Amino acid sequence: MGFRHKDIIALKDLTKEEIELLLDTADNLSEINQRDIKKVPTLRGKTVINLFYEASTRTRTSFEIAAKRLSADAVNITASTSSVVKGETLSDTAANILAMKPDIIVMRHSVSGAHEYLAKRVSCSVINAGDGAHEHPSQGLLDMLTMRQKFGKLAGLKVAIVGDITHSRVARSNIYGLTTMGAKVFLAGPPTMMPPGIERLGNVTVCKDMREAVDQADVVMMLRIQLERQGKTLLPSMREYSRYFGLNPTVLALAKKDAIVMHPGPINRGVELASSVADCDQSAIMKQVENGVAVRMAMLYHVCGGEPVE
Amino acid sequence: MAENTVILDGTGVKRALTRIAHEVLEKNKGVEGLVLVGIRTGGVHLAQELGARLSEIEGVEVPVGAVDITMYRDDIKGHHEHLPVGKTELPFSVEGKKVVLVDDVLFTGRTIRAAMDAIFDQGRPSCIQLAVLVDRGHRDLPIRADFVGRNVPTSRSENIMVAFDADNKPTEVILQK
């Protein structure tokens with residue numbers, strides 16, 4: 001089967017077969033990243049514009065490296081240094097960028113749904129690099145690839161996702177992706193950070209206690225507490241959060257022996273993750289970052305030249 | 001309705017591979033510095049077969065690798081759905097080696113060009129030789145094989161298929177009209 005989407009906006013839009021194809025491609029492309037000459041000519045002559053309305057180092061660099069490893073020309077635009085600060089609308093920015101004939105726009109935006117809006121207005125492919133609290137498909141895919149490499153499959157895995165579920169686009173993409181692939185997702189977090197009715201998404205269980213979610217889990221995924229945002233209004237104190245929802249060696253011992261610890265980064269050490277856990281043998285955090293490049297290469301490869309579904 | 005003709009049966013394929021193995025040894029005066037690289041997917045199975053024969057004759061293991069050329073194709077725009085990407089697995093350095101590139105069918109030569117690009121991205125071999133089970137003609141590029149199992153003149157509309165069994169052993173070569 002092939003990949004028939006012009007854009008990748010959300011994992012919710014993808015079928016199990018399409019997710020599997022992206023993961024297989026990424027898995028095979030990861031070999032390129034181990035070579036001395038880390039480059040293939042596949043997207044030679046294509047132009048990828050990284051349009052980042054929100055600060056990002058990891059994701060933007062990862063997309064840039066991915067584009068360059070496929071021989072595409074990557075151009076970075078950050079909102080703070082662009083005409084956005086002069087009041088230009090997204091629509092006008094898109095029209096101007098489109099006039100320069102890019103093949104793919106990779107965008108991060110603080111507004112959920114901004115990508116869908118953009119994708120409908122441009123003829124080139126649009127890849128979502130994170131939109132508000134909606135989705136972060138490349139992160140979801142790289143997380144799933146990391147799990148699949150470790151356990152050989154996703155179906156039947158118990159995945160605990162702990163933290164600010166409401167505002168986490170990483171959590172949402174993982175929930176859609178993992179449940180589509182047959183994994184069981186257990187969520188835990190402060191009641192102020194747990195969206196009501198999230199169980200309706202499918203094979204998702206909301207746990208009152210973090211220990212219940214982590215118990216016999218194959219994967220423990222900790223989310224970043226956004227100290228700059230929700231931290232101030234939704235939590236009594238960081239100390240209390242860390243006590244009830246932070247991952248330390250005692251809580252991790254409840255998970256399966258070969259369980260892995262994941263985090264989308266950047267880590268608040270001592271808040272959601274104890275330093276000793278972040279750096280322990282079970283930590284797959286650096287593997288996630290490594291897989292990020294391969295996953296983004298797979299996404300760029302499959303959207304570039306793909307035809308929209310009628 | 002498609003008409004199938006068996007060009008090489010199981011015995012014929014075995015004989016062709018054994019002959020290629022002897023020719024490879026003669027041309028290279030042994031297996032010193034020799035590596036086999038199969039082009040995914042049929043070429044890889046044939047490279048393993050050829051490797052086994054070379055080892056039998058010389059009593060020395062010949063390294064066998066696999067190269068996937070999907071990311072090196074020159075016709076990416078022609079595909080609405082991108083082809084699945086396979087893995088390149090070269091468990092050895094090609095630097096300074098005599099590489100024998102193995103494929104099942106030699107046709108336009110574009111696959112071979114892509115495979116050579118892929119190999120050069122991994123290092124600089126001292127030379128690349130080409131071994132194919134069937135050469136069906138119709139080259140678009142100035143490429144020729146050093147070792148050929150069988151030359152089969154075909155028309156462009158015909159197709160050559162190399163069949164493999166469940167253990168990836170070649171069973172026959174079929175001409176589809």
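Named according to an unreviewed UniProt entry, chain B is Bifunctional protein PyrR originating from Geomonas diazotrophica. Under the heading Sequence similarities (unreviewed entry), UniProt records this for chain B: "Belongs to the purine/pyrimidine phosphoribosyltransferase family. PyrR subfamily." In its Catalytic activity (unreviewed entry) section, the UniProt entry covering chain B states "UMP + diphosphate = 5-phospho-alpha-D-ribose 1-diphosphate + uracil".

Concerning the packing of aromatic side chains
All names here are of chain A. Applying the stated criterion to the full structure yields one aromatic pair over all chains. Measuring from centroid to centroid gives 5.8 Å for Tyr241 and Phe245, while their planes differ by 35°, and the two rings are tilted. Pair noted here: Tyr241 and Phe245 are both in helix H9 (residues 238-245), with a separation of four residues, about one helical turn. Of the two residues examined, Tyr241 and Phe245, each falls in the buried class. Over the ring of Tyr117 we find Arg121, and its NZ or CZ is 3.7 Å from the ring centre. Above the plane of the ring of Phe151 lies Lys150, whose end atom (NZ or CZ) is 5.9 Å from the centre.

Here's the deal with the nonpolar core
One broad trend across soluble globular proteins is that nonpolar side chains are buried collectively. Residues and elements named next belong to chain A. Among the nonpolar cores identified, the biggest contains 88 residues, and Ile161 and Leu300 are the most heavily contacted of them. At nine residues, helix H12 (residues 285-303) tops the list of elements feeding residues into this core. Ignoring anything within four residues of it in the chain, the contact list for Leu300 reads Leu43, Val48, Phe63, Ala66, Ala67, Leu70, Ile104, Val106 and Ile127.

Details of the pairing of strand E2 (residues 73-78) of chain A
Residue and element names in this part refer to chain A. Strand direction decides the pairing type here: strand E1 (residues 47-52) and E2, joined by six bridges, are parallel. Following the sheet pairing, Leu51 is matched in E2 by Ile77. As a crossover connection, the stretch from E1 through helix H2 (residues 58-69) into E2 is right-handed.

Quick notes on the environment of Ala278 of chain A
Residues and elements named next belong to chain A. Assignment of secondary structure puts Ala278 in helix H11 (residues 275-278). Linking Ala278 and Leu300, residues 22 residues apart in sequence, is a C-alpha distance of 30 Å. Among residues more than four places away in sequence, those in contact with Ala278 are Ile267, Arg269, Leu273, Ser283 and Ile285.

Section: the UniProt feature "short sequence motif: PRPP-binding" (unreviewed entry) in chain B
With numbering matched to this structure, UniProt assigns "short sequence motif: PRPP-binding" (unreviewed entry) to residues 99-111 of chain B. End C-alpha atoms of residues 99-111 of chain B are separated by 16 Å, and the span's content is 15% helix alongside 62% strand.

Observations concerning the confidence of the model for chain B
Put simply, chain B has an average pLDDT of 93, and 95% of its residues get 70 or more. Scored as a complex, the prediction yields pTM 0.90 and ipTM 0.83.

Topic: unusual backbone geometry
Peptide bonds are, in most cases, trans, and in most cases residues other than glycine have a negative phi. In this chain, Gly265 of chain A is followed by Pro266 of chain A through a cis amide linkage whose omega measures -5°. Tracing the chain through its elements places Pro266 of chain A in the loop between strand E9 (260-262) and H11. A cis geometry characterises the amide bond from Arg40 of chain B onward to Thr41 of chain B, with omega recorded as 0°. Within the secondary structure, Thr41 of chain B sits in the loop between strand E2 (34-39) and helix H2 (42-58). Positive phi values are uncommon outside glycine, yet Lys101 of chain A reaches one of about 55°. Structurally, Lys101 of chain A can be placed in the loop between helix H3 (90-98) and strand E3 (104-109). Owing to a relative accessible area of 65%, Lys101 of chain A belongs among the exposed residues under this scheme.

Conventions we followed
- Residues numbered from 1 in each chain as written.
- Chains lettered and ligands numbered in written order.
- Predicted model: local features only at pLDDT ≥ 70, side-chain atom pairs only at ≥ 80, totals over all residues.
- Heavy atoms only, no water.
- UniProt positions renumbered as here; feature names shortened; annotations may be inferred.
- Phe/Tyr/Trp six-rings, centres within 6.5 Å; stacked < 30°, edge-to-face > 60°.
- Helix = DSSP H or I, 4+ residues; strand = E, 2+ residues; numbered from the N terminus.
- Buried < 20%, exposed > 50% of the residue type's maximum accessible area, 1.4 Å probe, protein only.
- Lys NZ or Arg CZ within 6 Å of the ring centre and 35° of its normal.
- Core = buried A, V, L, I, M, F, W, Y, C linked by side-chain atoms within 4.5 Å.
- Contact = heavy atoms within 4.5 Å.
- Pairing = 2+ DSSP bridges.
- Right-handed = clockwise from strand over helix to strand, strands pointing away.
- pLDDT = per-residue confidence, 0-100.

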